[in-house]
Amino acid sequence: MAEDKREPTRALDKASRVMDALAAENGLSPADIADACDIPRSSVYRVLDGLVDVGWAVTDTDGNYSLSLDWLRLADAARTSRTEWQPAIAVMHAITAQTGMTSFLSVVSGTELVCVECAQGHAIDSLILRPGRVLPLHAGAAGRVALAYFEDADVERYLAGAPFPAYNENTLVSVEQLREDIRLTRERGYALSDEDVTLGVGAVGVPIVDNESGRVIASLSAGGVVDEVLATQESLAALLRDGVREIQAA
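Since we're looking at a predicted model, the values are computed, not measured.

Conventions and cut-offs
- Residues numbered from 1 in each chain as written.
- Predicted model: local features only at pLDDT ≥ 70, side-chain atom pairs only at ≥ 80, totals over all residues.
- Heavy atoms only, no water.
- Buried < 20%, exposed > 50% of the residue type's maximum accessible area, 1.4 Å probe, protein only.
- Helix = DSSP H or I, 4+ residues; strand = E, 2+ residues; numbered from the N terminus.
- Polar contact = N/O pair within 3.5 Å; in protein donor to acceptor, adjacent residues only side chain to side chain.
- Salt bridge = Lys/Arg side-chain N within 4 Å of Asp/Glu carboxyl O.

Undergrad: Please explain unusual backbone geometry as it appears in this structure.
TA: Most peptide bonds take the trans configuration, and most residues that are not glycine carry a negative phi. Cis peptide bonds are those with omega within 30 degrees of zero, and the linkage from A162 to P163 qualifies with 0°. Positive phi, close to 55°, is recorded for D38, a residue that is not glycine. For D38, a relative accessible area of 67% gives the class exposed. Unusually for a residue other than glycine, E195 sits at a positive phi of about 65°. Tracing the backbone through its elements, the reader meets E195 in the loop between β6 (191-194) and β7 (201-209).

Undergrad: What's the story with the side chain of H138 in this structure? I'm lost.
TA: Within the secondary structure layout, H138 lies in the loop between β5 (134-136) and α6 (140-148). A distance of 2.8 Å separates a polar side-chain atom of H138 from the backbone oxygen of P165.

Undergrad: I tried to follow the pattern of salt bridges on my own but got confused; where do I start?
TA: A side chain of one charge can pair with a side chain of the opposite charge if their charged atoms are brought near each other. Counting across every chain of the model gives 11 salt bridges. Put simply, R215 and D154 hold a salt bridge, and the shortest N to O gap is 3.0 Å. Pair noted here: R215 is in the loop between β7 and β8 (216-225) and D154 is in helix α7 (residues 152-159), with a separation of 61 residues, a long-range link. R179 serves as the salt-bridge partner of E156, at 2.8 Å between the closest nitrogen and oxygen.

Put into structure tokens, the structure is as follows:
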């Protein structure tokens, strides 16, 4: 019988789904993972055995599984490999030094934004977005500014998934709310987060557009205590736009 060349792809797909489940919630039983991934339990056991063998997952005395700390090394290596963003680091530290706020570089990844770098300000402990973490495109200044500068067809595909999960009562979750936010963001050139992710915290985000394709590929944002952000949003946006120009020039 000829070898099915699709089998390695299927195996990787199953492994990826299991790892996503463990990333969302550690300490899962094989039955929990099978339900979450819609994979037969026998396949889940094979995937888990393989992940444990290579050191990417660990099991406790109750037979529940979690991701191993080896992922921290892999995540750090992935960040280091993104050399195209190295010029942004100095820019971010300059913004933080001038404002006292935490600045973030977040890269578009499908229907999410992945934070790849941050310069810590005085409000870092109250902010949910840190390197390696993700935010959806409907929440937070970093994600919403990226969504606003997507091409219209991509915006419509994303909005088809509404209503979206809410972080709190301020999160924009409906098509109508997000359409109005996209209009405002495009009009003023920045997105404003007014406690829509974390109560007491605000942020401003501006887009980073690829010089050749003209498509939004990332965002530069800064966040801190909401009253301070609201009071300085326009000057903060101007500072971030200057930073983006410096990054693009590099």
